[in-house]
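Commentary on secondary and tertiary structure
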Amino acid sequence: MSGKMAEEVLKSFLTCQVCCETFKDPVSLCCYHNFCRGCLESFWELAKNKNCPTCKRRDSKDTLLINFGLQELVDSYAGRQRADPPESRAVCRTHTQDLKWCEEEQRVVCLVCDQQVHGLTLVPLEDEVRNVNKLLKPQLDLVHNVKVQLKPQLESLKKKMNEYKEIYDTYGNMGQHCKKQLGETERQIKAEFDQLHKFLIQEEEDRMAALKEEEKQKRETIILEQENIQAQMSVLSEVISAVEQDLPLKDNAAFLTLPRDLLSGSAPQLLRGGLVDVAKHLGNLSFRVWEKMREKIRFTPVILDPNTASNRVVISEDLTSARHKTGPPQEHPENPERFSDYSNFLGSVGFTSGRHSWEVEVGDHPDWLIGVAKETVDRKGGLYASPENGFWCLFHYKDGYSNGSTERLNLERNPTRIRVLLDCGEGEVSFYDAGGNDLILSYRDTFSEKIFPFFCVWAAGEAQTVDVKVCGAKRDLNVN
């Protein structure tokens, strides 16, 4: 190794990766990376953690101790730098004279350029380079030994680097996917509330119209009654005046035809219900509007989780149905929750206790799995959906139904709607033909962890039913 190459290797070994300068008070981390103590403390203060600036591994040391062996190497290197060691070129560019090393002045000189150096101790530059290399040999040997020690671990380090890169890239994909999810979810939320707003606005307009119509009818009735009373009052006024003044009536016939109630002196009666029925319009208004809204809104007992769906599954916007993706698979980040193989996906909520049920509309779809799965099932491998692997399912293929093993199920008819009943306490999962309420299949086991609704759907082929759908139901008051 030449003197210049040795110098570069040593300089790289003694350079802090934070400030890119020679170490000052060097300290070593558990991952064997070295930094200036001040640089590392400043980096940690800004980062709000104690991760290595190079490999991001968290350091477990409570205190930073100076690496005195490395400090001695830094001091030795700094001493040689201050001595201004000879340049690699040994010829004066101006006079093409061999350059010499001046021991007293510790610099390279040319005998023609530097006349004042006569009488001082001059040595051949090559000899000084050899001396420098000899002084640097322990440090170079140390660097070489470190490389030799690390060489057997090189493949492991490269593998670890690739693993870190994969995780880093996956986080990048997840960040982009989160941004996409934000836009889509905002749009769907806005659409849902737009529908609710339209319903409420229309309901308000209808109720306002009903209120005004009632007020109009009541007002018209009052006016009509007032007109009738005014006519009667006019007749009475004429009779009273005639009687008081002992004058003949203008129209004796009118007198004879007076209603008996006028002559008997009974008071006129007000009609009931003459005022607006405020209680009818305001009583439990919000509740009655909500009841009407409930008739238009369906409650779905299981909501599908798109973050668990493999890239071969397309989940509907309302998260209640799914279909198999034909053509190229979708580009989804490989987050831990997502299934990598087949067309698997889960419900969004798991259960640890109680009894739960939901129905799935399958129509004439030829290939599907419906059931439950443990939360900890392997989502990245191609495991078979069996109880041994944490799945309890009803299978349907083109050639019939099965429990996932060699046992085939003989059904009198093909159900178009499957009801799933999960009893966590009893450790039982049952499947029924929702149309006839006939039991198809039942499992008994011990559930020691959270259980999620599980689905898998393959291509529909020529079937009319393309989507497998979790059936909606009217939301009852006792549903939590």
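Along each chain, numbering runs from 1 in the same order as the chain's sequence is written. Note on the predicted model: pLDDT of at least 70 is required for a residue's local features to be given, and 80 or more for side-chain atom pairs to be given and counted; whole-chain, interface and lining totals, by contrast, use all residues. Side-chain metrics rest on all non-hydrogen atoms present in the structure, leaving aside hydrogens and water.

**Some remarks on the packing of helix H5 (residues 154–245) against helix H9 (residues 285–296)**
Using the following cut-off: To obtain each axis, a line is fitted to C-alpha atoms, and for helices this fit is confined to the stretch in contact; angles are then taken between N-to-C directions over 0 to 180 degrees. Going along the chain from the N terminus, every DSSP run of H or I of four or more residues is numbered as a helix, and every run of E of two or more is numbered as a strand. When describing relative orientation, an angle under 35 degrees is termed roughly parallel and one over 145 degrees roughly antiparallel, while 65 to 115 degrees is termed roughly perpendicular and anything else oblique. For any pair of crossing helices, the crossing counts as left-handed if the nearer helix is rotated counterclockwise from the farther one by less than a right angle, and right-handed if it is rotated clockwise. Residue contacts are defined here by distance: any two heavy atoms, one from each residue, within 4.5 Å place the two residues in contact. Each residue gets one label: Ala, Val, Leu, Ile, Met, Phe, Trp, Tyr, Cys and Pro are nonpolar, Asp, Glu, Lys and Arg are charged, and the others, such as Gly, are polar.
Relative to each other, H5 and H9 sit at 125°, their axes nearing to 11 Å. The angle between H5 and H9 places the two elements in the oblique class. The handedness of the crossing between H5 and H9 is right-handed. Where H5 approaches H9, its residues Leu 196, Phe 199, Leu 200, Glu 203 and Arg 207 are matched on the opposing element by Leu 285, Arg 288, Val 289, Lys 292, Met 293 and Lys 296. Along the lines of polarity and charge, the residues of the contact of H5 with H9 split into 6 nonpolar, no polar and 5 charged.

**Topic: the sheet that holds strand S10 (residues 344–347)**
Note the threshold: One bridge is not enough; two strands pair if DSSP finds at least two bridges between them.
An order of S7-S10-S19-S12-S13-S14-S15 is seen for the 7 strands of this open sheet, with the pairing classed as antiparallel. Of all the strands in the sheet, the pair left with one neighbour each is strand S7 (304–305) and strand S15 (408–409). Sheet topology note: the strand S12 (residues 368–374)/strand S19 (residues 451–457) ladder contains 7 bridges and is antiparallel. Across the sheet, Leu 369 pairs through a bridge with Cys 456, a residue of S19.

**Focus: the side chain of Thr 320**
What counts is decided by this rule: Residues adjacent in sequence count toward polar contacts only when both atoms are side-chain atoms; beyond that, a polar contact is any pair of N or O atoms within 3.5 Å, and within protein one must be able to donate a hydrogen and the other to accept it.
Its place among the elements puts Thr 320 in the loop between strand S8 (313–315) and strand S9 (321–324). Separated by 2.9 Å, the side chains of Thr 320 and Asp 318 make a polar contact. In contact with Thr 320, other than residues within four places in its own chain, are Thr 300, Ile 303, Leu 304, Val 468, Lys 469 and Val 470.

**Some remarks on the sheet that holds strand S20 (residues 468–470)**
Overall, antiparallel pairing links the 7 strands, which are arranged S8-S9-S20-S11-S16-S17-S18 in an open sheet. Sheet topology places S8 and strand S18 (438–444) at the edges, where each strand pairs with a single neighbour. This sheet shows a mean twist of 20° between the axes of neighbouring strands, independent of strand direction. Across 3 bridges, S8 lies against S9 in antiparallel orientation.

**Regarding the confidence of the model for the chain**
The cut-off we apply is this: Predictor confidence is given residue by residue as pLDDT, running from a minimum of 0 to a maximum of 100.
Per-residue confidence for the chain gives a mean pLDDT of 81, with 79% of residues at or over 70. Scored below 50 in pLDDT, residues 84–89 makes 14 contacts in the model with residues more than four places away or belonging to other chains. Overall, residues 473–480 carries pLDDT values under 50, and its contacts beyond four positions in sequence, including any with other chains, amount to 10 contacts.

**Remarks on the side chain of Thr 308**
If you trace the backbone, Thr 308 turns up in the loop between S7 and S8. A polar atom in the side chain of Thr 308 sits 2.8 Å from the backbone oxygen of Asp 305. A polar atom in the side chain of Thr 308 sits 3.0 Å from the backbone nitrogen of Leu 346.

**Side note on the state of the cysteines**
Note: disulfide means a covalent bond formed between the sulfur atoms of two cysteine side chains. Using the following cut-off: Note on terminology: pairs of cysteine sulfur atoms within 2.5 Å are recorded as disulfides.
Taken as a whole and assessed by the stated rule, the structure comprises 0 disulfides. Of all cysteine sulfurs, the one in Cys 39 lies closest to Cys 19, which takes part in no disulfide; the gap is 3.6 Å.

**Notes on the nonpolar core**
Generally speaking, nonpolar side chains in soluble globular proteins are found buried as a group. Stated formally: In this text, buried Ala, Val, Leu, Ile, Met, Phe, Trp, Tyr and Cys residues form a nonpolar core when linked through side-chain atoms within 4.5 Å. Exposure is judged per residue with a 1.4 Å probe applied to protein chains only, and the accessible area is read against the type maximum: over 50% gives exposed, under 20% gives buried, and values in between give partly exposed.
Counting 33 residues, the largest nonpolar core has Phe 345, Trp 358, Leu 422 and Phe 431 as the members making the most contacts within it. If we skip the residues at most four places from it in the chain, Trp 358 touches Pro 301, Val 302, Phe 351, Gly 371, Val 372, Ile 418, Arg 419, Val 420, Leu 422, Pro 453 and Phe 455. In this structure, Val 27, Phe 35, Cys 36 and Cys 52 belong to the second largest nonpolar core, which totals 18 residues.

**A closer look at the environment of Trp 290**
Of note, Trp 290 is situated in helix H9. C-alpha separation for the pair Trp 290 and Leu 200, spaced 90 residues apart in sequence, amounts to 9.6 Å.

**With respect to the environment of Leu 271**
With respect to the helices, strands and loops of the structure, Leu 271 is situated in the loop between helix H7 (260–264) and helix H8 (278–282). Taking the C-alpha atoms as reference points, Leu 271 and Ile 222, 49 residues apart in sequence, are found 8.8 Å from one another. Discounting residues that sit within four places of it in the chain, Leu 271 has contacts with Thr 221 and Glu 225.

**Section: the pairing of S10**
Pairing of S7 with S10 involves 2 bridges; the strand directions are antiparallel. The partner of Asp 305 across the bridge, within S10, is Leu 346. With 3 bridges connecting them, S10 and S19 associate as antiparallel partners. Counterpart to Phe 345 in the pairing with S19 is Phe 455.

**Re the packing of aromatic side chains**
Put simply, the test is: Ring pairs shown here join Phe, Tyr and Trp side chains whose ring centres sit within 6.5 Å, with only the six-membered ring taken for Trp; geometry is labelled stacked below 30 degrees between planes, edge-to-face above 60, and tilted in between.
The full count for this structure, using the stated rule, is 11 aromatic pairs. A centroid spacing of 5.9 Å and a plane angle of 35° characterise the contact between Phe 287 and Trp 290, whose relative ring orientation is tilted. Pair noted here: Phe 287 and Trp 290 are both in helix H9, with a separation of 3 residues, about one helical turn. For Phe 287, a relative accessible area of 42% puts it in the partly exposed group. Judged by relative accessible area, which is 34%, Trp 290 ranks as partly exposed. Between the aromatic rings of Trp 392 and Phe 447, the centroid separation amounts to 5.1 Å while the plane-to-plane angle is 75°, which identifies the pairing as edge-to-face. Of this pair, Trp 392 sits in strand S13 (residues 391–397) while Phe 447 sits in the loop between S18 and S19, and the two are 55 residues apart along the sequence.

**Focus on H5**
This is how it is decided: To estimate how far a helix should reach, multiply one less than its number of residues by 1.5 Å.
Here H5 contains 92 residues, and its C-alpha end-to-end distance of 133 Å stays within 8% of the 136 Å for a straight helix at 1.5 Å per residue. Within the span of H5, buried status applies to His 177, Phe 199, Glu 203, Glu 214, Val 239 and Ala 242.

**Things to note about unusual backbone geometry**
We note that Lys 48 has phi near 60°; this positive angle belongs to a residue other than glycine. Looking at the element boundaries, Lys 48 is found in the loop between helix H2 (37–47) and helix H3 (68–82). Its identity is not glycine, yet Tyr 342 carries a phi of approximately 60°, on the positive side. Tracing the sequence through the fold places Tyr 342 in the loop between S9 and S10. Overall, Tyr 342 belongs to the partly exposed group, its relative accessible area being 42%.

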